[in-house]
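Listed here are the chains, written in short residue letters.
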Amino acid sequence: MSTKTSHPTHTILDGKVHVFMRDGSPFWWGGFHFKGKYLRTSTKQKNLDSAKTIAQQWYFQKQTEIASGEIISSKHKFGKLADEALANYKKTYVERGVRSQKTYDGIEGIMKSRVYDYFEKTPIQAIDNTLWHKYKEDMITKYPKIKRGTLHQYKNAIRVVLNYAYKMGHIKELPIFKDEYITKKTENSRPWFNSAEYSKLHKSIDGYAKKVKKVDSRKYADALELYDFVIFATNTGMRIGELRNCKISDVKVVKEKLTNKEILIISNIDGKRGKGTCQSYYGAVKPFREILKRRRIKNPSKCDEKLFLIHHRVMFNTILKAKGLKVTKTKPPQTRDFVSLRSTYICFRLLNGVPIYEIANNCRTSVAVIQEHYAKQLGGALLKNINRTNIQGWDY
């Protein structure tokens, strides 16, 4: 039976570094503890004093590598931090109304689908641009038809964990993920309906409703609600998720002070940016009254039913395709969907001279988003004073 030989251990640098002998090795070794790991190396020296000198030099070299991030601690792993980060996100943003429950559910769903299992045992300090690209390549190999937007969602989920780790001091700086794409994403990512197209859309839905009225009562009811949905959306600029969350009791008919016309004030808007309020354009009042009349709601202020009962996406897309409205005539062509209704509201307000700040406020978004994705694309159409002339002699 073999017996383990006991060797003396020496320390240097106030006990930070150990110098010791190991079974089976003729040389002295140096080692120290670092965040749950024990780093060690052979000094290749048989003389104790020489070994202490080498161990000291090695220790200082390792401290430099630790400071630069070359040596990574396995103490803080992605899996554990992901759970903590999600709990922190919910407490810090969702419960305070800064972000919606839907946004949190989306991040959690993405995290658990294809992100968590891949990075679960990875030290948080090891996640950098190189590892991101390896992950992205693995996802593209496994799912060849994966969209750029989906990869972007994965990246955002990883960033939630990294931001939390940075906040807690587990990493000293946030890594930058730099992506390169073969195709350029179009700047005008918000297709809308111009006046003629919008009128055609109205007539198309109305025509469809009349067509199915005597054939299918259910489809007729759905078509009427879709018609109201389209008018309501293009007169409020609300996001699709906000419209689906909206309750009848959240909507109030009031008279505008300047014009004495009826408008809607929608409160408790629960969407992408948390809760908010918006003021409608005049056209939103009629579809709201039609909904109340059709569903025989006599006291809307106390009615907690959803304003729109069904999400008519399939019917909407079918009508768009049938009437040639699904794809824009721009270059490159873009695909319209329910989101185009919000875009239509924003573009109509811009074309009518409403200040960008007021539109951004009413739509619960930033001035930069309105400027980049809408105003810039409309270009000269917004410049009503571009040809104003105060100096004679410039008529040619």
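Definitions and cut-offs
- Residues numbered from 1 in each chain as written.
- Predicted model: local features only at pLDDT ≥ 70, side-chain atom pairs only at ≥ 80, totals over all residues.
- Heavy atoms only, no water.
- Helix = DSSP H or I, 4+ residues; strand = E, 2+ residues; numbered from the N terminus.
- Contact = heavy atoms within 4.5 Å.
- Areas by Shrake-Rupley, 256 points an atom, 1.4 Å probe, with all protein chains shown as cover.
- 1 Å grid on protein atoms, 1.4 Å probe; cavity = no way out; pocket = protein on both sides within 12 Å on 5 of 7 lines; lining within 4 Å.
- Points joined across faces, edges and corners; volume = space filled by probe spheres on them.
- Nonpolar A, V, L, I, M, F, W, Y, C, P; charged D, E, K, R; others polar.
- Axes fitted to C-alpha atoms, helices over the stretch in contact; angles between N-to-C directions.
- Parallel < 35°, antiparallel > 145°, perpendicular 65-115°, else oblique.
- Left-handed = near helix turned anticlockwise from the far one by under 90°.
- Core = buried A, V, L, I, M, F, W, Y, C linked by side-chain atoms within 4.5 Å.
- Buried < 20%, exposed > 50% of the residue type's maximum accessible area, 1.4 Å probe, protein only.
- Pairing = 2+ DSSP bridges.
- Salt bridge = Lys/Arg side-chain N within 4 Å of Asp/Glu carboxyl O.

J.: It is not clear to me how the overall build of the protein chain should be interpreted in this structure. Could you clarify?
T.: Secondary structure summary: the protein chain contains 13 helices and seven strands in total. Within the protein chain, residue pairs in contact and separated by at least 24 positions form 58% of the contacts whose partners lie at least 6 positions apart. Of the accessible surface of the protein chain, which amounts to about 24,500 Å², a share of 51% is contributed by carbon and sulfur atoms.

J.: How do you make sense of empty space enclosed by the protein when you look at a structure like this?
T.: One simple way to see leftover space: roll a probe sized like a water molecule over the atoms. Taken as a whole, this structure holds one cavity of 30 Å³ or more when the rule is applied. Taken as a whole, the largest cavity encloses approximately 30 Å³ of empty space. Around the largest cavity sit Met238, Glu242, Asn245, Cys246, Asp250, Ile266, Ser267, Asn268, Ile269 and Asp270, which together line it. Ranked by residue count, the leading element in the lining of the largest cavity is strand E6 (residues 262-271), at five residues. Per-class residue counts for the lining of the largest cavity are four nonpolar, three polar and three charged.

J.: Which parts of the structure should I look at to understand the packing of helix H4 (residues 129-142) against helix H5 (residues 148-167)?
T.: Any two packed helices are characterised by how steeply their axes cross, that is the angle between the axes, and by the distance between the axes. Where H4 meets H5, the axes come as close as 11 Å, and the angle between the chain directions of the two elements is 140°. For the element pair H4 / H5, the angle class is oblique. Every pair of crossing elements has a handedness; the one defined by H4 and H5 is right-handed. Where H4 abuts H5, its residues Trp132, Tyr135, Lys136, Met139 and Ile140 lie against Leu151, Tyr154, Lys155 and Ile158. Partitioning the contact of H4 with H5 into residue classes produces seven nonpolar, no polar and two charged.

J.: How do you make sense of the nonpolar core when you look at a structure like this?
T.: The tendency in soluble globular proteins is for nonpolar side chains to be buried as a group. Leu201, Phe232, Ile266, Leu307, Phe316 and Leu341 are the most contacted members of the largest nonpolar core, which has 38 residues in total. Residue assignment for this core shows that the elements contributing at least two residues are helix H6 (195-212), helix H7 (217-234), helix H8 (240-245), E6, helix H9 (285-294) and helix H10 (313-322). Tallying contributions element by element places H7 first for this core, with seven residues. In contact with Ile266, not counting residues within four places along its chain, are Phe232, Thr236, Met238, Cys246, Asp250, Val251, Gly276, Thr277, Cys278 and Ser280. With 32 residues, the next largest nonpolar core counts Leu81, Ala82, Leu86 and Ile124 among its residues.

J.: Which parts of the structure should I look at to understand the pairing of E6?
T.: Along any regular strand the residues' side chains alternate between the sheet's two faces. The pairing of strand E5 (residues 251-255) with E6 spans five bridges and is antiparallel. The partner of Val254 across the bridge, within E6, is Ile263. Hairpin connection of E5 to E6: six residues between the antiparallel strands, including Asn260 at a positive phi of 65°.

J.: Would you take a moment to explain the environment of Pro355 for this structure?
T.: Relative to the assigned elements, Pro355 resides in the loop between helix H11 (339-351) and helix H12 (356-362). In sequence terms Pro355 and Val367 are twelve residues apart; their C-alpha atoms lie 9.8 Å from each other.

J.: Is there a simple way to think about the pattern of salt bridges in this case?
T.: Pairs may arise between side chains of opposite charge once their charged atoms sit close together. Applying the stated rule across the entire model yields ten salt bridges. The shortest N-O distance in the salt bridge between Asp206 and Lys210 comes to 3.3 Å. Highlighted residues: Asp206 and Lys210, both in helix H6, separated by four residues, approximately one helical turn. Residue classification places Asp206 among the partly exposed positions, given a relative accessible area of 31%. A salt bridge links Arg239 to Glu242; the shortest N-O distance between them is 2.9 Å. The class for Arg239 is buried, based on a relative accessible area of 14%. If you follow the salt bridges from partner to partner, you end up with Arg239, Glu242 and Arg364 in one network.

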